[in-house]
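Next come the chains, spelled out residue by residue.
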Protein chains: 2
Amino acid sequence: MSKLAIGIDVGGTNSKFGFTTEDGTLVAQSRIKTRDFPDFKAYILELKKQIEALHPLDDVVGIGVGAPNGNFYNGKVEYPPNLPWKGVLDFTKDIECAFGKKTIVTNDGNAAALGEMAYGKAKNMRDFVVLTVGTGLGSGIVVNGELVYGKDGFAGELGHTLVNANGRNCDCGKKGCLETYVSATGIKRTVYKLLADYTEPSVLRSISFDQLSTRTITAAAAEGDKIAIEAFAYTGRILGMKLSDFVVHTGPEAIFLLGGLSKAGDHLFKPAQDNMEKYLMPRFKLRKIELQPSGLKDDDAQILGASSLVWKYIDGK
Amino acid sequence: MSKLAIGIDVGGTNSKFGFTTEDGTLVAQSRIKTRDFPDFKAYILELKKQIEALHPLDDVVGIGVGAPNGNFYNGKVEYPPNLPWKGVLDFTKDIECAFGKKTIVTNDGNAAALGEMAYGKAKNMRDFVVLTVGTGLGSGIVVNGELVYGKDGFAGELGHTLVNANGRNCDCGKKGCLETYVSATGIKRTVYKLLADYTEPSVLRSISFDQLSTRTITAAAAEGDKIAIEAFAYTGRILGMKLSDFVVHTGPEAIFLLGGLSKAGDHLFKPAQDNMEKYLMPRFKLRKIELQPSGLKDDDAQILGASSLVWKYIDGK
């Protein structure tokens, strides 16, 4: 049988995992609810149980993990703001012990960028940026064909660049981070602010904050709900403004967006693209730098990205 | 005799040039006033005349040029906002024709970063950022030991990241670029704003905008002039706030500052460092990321940086 990798995407809401081949075929996949396991050891045990039930491990050459605040250099997940566990979690050691397979950890944004480069739209690109918009906003930056890790292994945290020094409280401890505006949680906050500021009727007025989701807001926007449309426009304007900063940093060929928010289509992409161009240093406009949806399906992308760590760093390359 | 490189630093005010050895010794150096030559051909001719008069060219293996908007990929200087010439200037071709020596062009910030890596404080660093604060604000970003050029060859334009969408007009055509606050021109604008807003007596009230220089403001601050001190503090606060964004991008080991403004010492560095830390994502604070003055002397740094292009890309490496 052909060699397999296991990819695990640890998200604030779901942990998704699957078995993939080197050409990017997802052989099997499943998920567990991350928040159901406040105890980290119990979480690892459940992962093991579910993964072993999903597919035999005989042909698996390694395990790749993408997680918020995953540190590629030391294999640990350090002080993740959106996960149920506190402090420093030694994912690599605990997963290697549980499965007996070599394991590599990186942050979720980096994993998505590797996936985009291996199987998505960035196959022939040497410079690009991927933003993963889930509960939080992760990012992976590729420069000269290599991921940017930085001195300490956790570069590429574009979700924590500053939008407004007096802005919304962020789980990281700062105020006004991009993530507090551009993420599943960010757009919910924007919807609630708009519902407070305006008297416009909206289907969203009947939904509690806890029940509100990107999917509901996207559906409302598609039906012409003005609050939902304005929430996306506001999100897009802020995203676009910050994208203009990202572009003059590393000069990407394109920027890819992954996750629930990217399903909103023009409601989000148009204001984001327009505002990126509006605030971009003119000489960078000689070529159109496009904000695009990822070339991979959401669920697949994160698992493929995590498993591509195995093909890149473990399997004899 | 040992091999020599010529380094040329094209600045908005001065063009500095010199002959350097591979170990970073400046054998001879001089300068001309860039603005004295509104005609580009006349400028190249004067450069040739002055450089030939300075030292024999026999042992010169190549010429490196650092210039605002210098494009490493095509050797051209494209629409430079702070130089007296318009449009696209083929520096590489014109200098190669004039001198008969292989020539490499990059932007001034990139040249400074190469110089810092070859001869300055970044000798053993793989990830760092250099900011060159002259008439404008240039920058060079090094990631994984390599300069970041980006898809089109002009990445690393941190001077044109956004501070305030409704802020000061920038020569690049935008509003509120970092360069309009943090540069020799930026701090003059800040002094004039403070002189307008406050009634505080100041030695700077007797100096016209055209006559005002970073040197004058630095000297006034050293004498305790409140307007001058506040101008540096304001500049430092804005710089520090943006540095926190730069750090989460590429995770540098350190950030180096070069040029007139860096002579102000604590008046600038302290508010910049404090504000970088204030706005930095907490996990990046585990290690102190220091804003430091460049390890090279100002005039030398730019020439050494430009000439290091020769050792890196021309002389058999």
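Procedures and definitions
Residues numbered from 1 in each chain as written. Chains lettered and ligands numbered in written order. Predicted model: local features only at pLDDT ≥ 70, side-chain atom pairs only at ≥ 80, totals over all residues. Buried ≥ 20, exposed ≤ 12 C-beta atoms within 10 Å, placed from the backbone. Helix = DSSP H or I, 4+ residues; strand = E, 2+ residues; numbered from the N terminus. Pairing = 2+ DSSP bridges. Least-squares fit on C-alpha atoms with pLDDT ≥ 70 in both. Contact = placed C-beta atoms within 7 Å. Axes fitted to C-alpha atoms, helices over the stretch in contact; angles between N-to-C directions. Domains from an automatic or database assignment. Nonpolar A, V, L, I, M, F, W, Y, C, P; charged D, E, K, R; others polar.

**Student:** Which residues make up the pairing of strand β4 (residues 60-66) of chain A, and what values do they have?
**Tutor:** All names here are of chain A. Across the seven residues of β4, six count as buried, placing the element largely inside the fold. Two elements, strand β1 (residues 4-10) and β4, share six bridges in a ladder whose sense is parallel. Across the sheet, L4 pairs through a bridge with V60, a residue of β4. Relative to strand β7 (residues 103-106), β4 is paired through four bridges, and the arrangement is parallel. When the sheet's bridge partners are listed, V65 is paired in β7 with V105.

**Student:** Kindly report on the relation of the copies chain B and chain A, identifying the contributing residues and their values.
**Tutor:** Here the second copy of the chain follows from the first by a rotation about an axis and a shift along it. Superposing chain B onto chain A takes a rotation of 180° combined with a translation of 0.0 Å along the rotation axis, leaving an RMSD of 0.0 Å. Both chain copies can therefore be described as sitting about a two-fold axis. When the interface residues of chain B are mapped onto chain A, 100% of them again lie at the interface, so the same face is used by both copies.

**Student:** Lay out unusual backbone geometry with the relevant residues and their values.
**Tutor:** Negative phi characterises most residues that are not glycine, and trans characterises most peptide bonds. Residues other than glycine seldom take positive phi values, yet A:N69 does so here, at roughly 65°. Within the element layout of this structure, A:N69 appears in the loop between β4 and β5 (77-78).

**Student:** Give a detailed account of the sheet that holds strand β10 (residues 146-147) of chain B, specifying residues and quantitative values.
**Tutor:** Residue and element names in this part refer to chain B. Strand order across the open sheet formed by five strands is β10-β9-β8-β11-β12, with mixed pairing between neighbours. Of all strands in the sheet, those with a lone pairing partner are β10 and β12 (290-293), marking the two edges. Helix-sheet contacts for helix α3 (residues 108-119) involve β8 (128-133), β9 (137-143), β10 and β11 (254-258), and the interaxial angle to β9 is about 50°.

**Student:** Before we move on, can you summarise the environment of B:H267 with the specific residues and values?
**Tutor:** Residues and elements named next belong to chain B. Within the secondary structure, H267 is located in helix α7 (residues 266-279). Expressed as a C-alpha distance, the spacing of H267 and A222, which sit 45 residues apart in the sequence, is 8.6 Å. In this view, H267 contacts A221, I229 and F232; residues no more than four positions away in its chain are not counted.

**Student:** A description of the domain arrangement of chain A should follow, citing residues and the corresponding values.
**Tutor:** All names here are of chain A. As assigned here, chain A comprises domain 1 (4-113 + 298-314) and domain 2 (125-293). The C-alpha centroid of domain 2 is placed 25 Å from the C-alpha centroid of domain 1. On the side of domain 2, 18 residues touch domain 1, which itself brings 19 residues to the contact. Counting only elements with at least two residues in the side of domain 1 that touches domain 2, the list comes to α3 (108-119) and α8 (298-314). For the side of domain 1 that touches domain 2, the class distribution of residues is seven nonpolar, 10 polar and two charged.

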